[in-house]
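# Descriptive analysis of the structure
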Amino acid sequence: MDTAGDDSDKPVNAPSRNYVRDAKAMAATPADVKEYPNSYVFIVDMPGLKSGDIKVQVEEDNALLISGERKREEVKEGAKYIRMERRVGKFMRKFTLPENANTDAISAVCQDGVLTVTVEKLPPPEPKKPKTIEVKIA
């Protein structure tokens, strides 16, 4: 019997390694969400990151995904860490956008280590006017 690929000791419902990593990244990425009359604004702290390190996407299921990675600085020769508290690694946040979010009108600006993603709202649908049907005499 070949047991090289046997995962019998692993629970059947165990989450995948990617799921666990993504869940940790989401839990460690705090965000504020504001609603204005014409838009939704998502604010996430991104200290020390360049725009190339941050990705803002809208997925098919109307979800806003903010992700990226903060890489560890290279240690110069002769230097060693005494304390390391700043978080490195993957970060991610996912928000389900409301139905009135205009996914074609999204802007993202990172200034002073703060990412601000603005999602414009669609204009409210105009109320339907009563339609008059002309009655013809046969």
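It should be noted that the structure appears before, not after, this text.
Numbers given for residues are sequential positions, taken from 1 along each chain in its written order. Since the coordinates come from a predicted model, pLDDT governs what is reported: local features require at least 70, and pairs of side-chain atoms require 80 or more to be given and counted, while whole-chain, interface and lining totals use all residues. Hydrogens and water molecules were not included; the side-chain quantities draw on all heavy atoms of the structure.

### Comments concerning the overall build of the protein chain
The secondary structure content of the protein chain amounts to one helix and seven strands. The helix and strand labels rest on DSSP assignments: H or I over at least four residues marks a helix, E over at least two residues marks a strand, and numbering proceeds from the N terminus. Secondary structure elements in the protein chain, listed N-terminal to C-terminal, are α-β-β-β-β-β-β-β. Relative accessibility thresholds used throughout: buried, under 20% of the residue-type maximum; exposed, over 50%; partly exposed, between the two (1.4 Å probe, protein chains only). Buried residues in the protein chain amount to 22% of all 138 residues.

### Here we look at the nonpolar core
Working definition of a nonpolar core: buried Ala, Val, Leu, Ile, Met, Phe, Trp, Tyr and Cys residues. They are joined through side-chain atoms within 4.5 Å. Of all hydrophobic cores here, the largest spans 15 residues; its most connected members are Phe42, Met46, Leu64, Ile66, Val117 and Val119. Those elements that provide at least two residues to this core are strand 2 (39-45), strand 4 (63-70), strand 5 (89-96) and strand 7 (114-121). Leave out the neighbours within four places in its chain, and Val117 touches Tyr40, Val41, Phe42, Val56, Leu64, Ile66, Ile106, Ser107 and Ala108. By the convention used here, residues are in contact when the closest approach between their heavy atoms is within 4.5 Å.

### Remarks on the sheet that holds strand 3 (residues 54-59)
Paired strands, as defined in this entry, are two strands with at least two bridges between them according to DSSP. With respect to topology, three strands assemble into an open sheet ordered 3-4-5, the strand pairing being antiparallel. Two strands bound the open sheet, and with one partner strand each, they are strand 3 and strand 5. The mean inter-strand angle of the sheet, taken between neighbouring strand axes irrespective of direction, is 15°. As paired elements, strand 3 and strand 4 share six bridges and run antiparallel to each other. What sits directly across from Ile54, in strand 4, is Gly68. A fitted line through C-alpha atoms represents every axis, and for helices the fit uses only the stretch in contact; the resulting angles, taken between N-to-C directions, go from 0 to 180 degrees.

### Here's the deal with the sheet that holds strand 7
Strand order in the open sheet formed by four strands is 1-2-7-6, and the pairing between neighbours is antiparallel. The open sheet terminates on both sides in strands that have one partner only, identified here as strand 1 (31-35) and strand 6 (101-111). This sheet shows a mean twist of 15° between the axes of neighbouring strands, independent of strand direction. Across seven bridges, strand 6 lies against strand 7 in antiparallel orientation. Within strand 7, the position partnered with Val109 by the bridge is Thr116.

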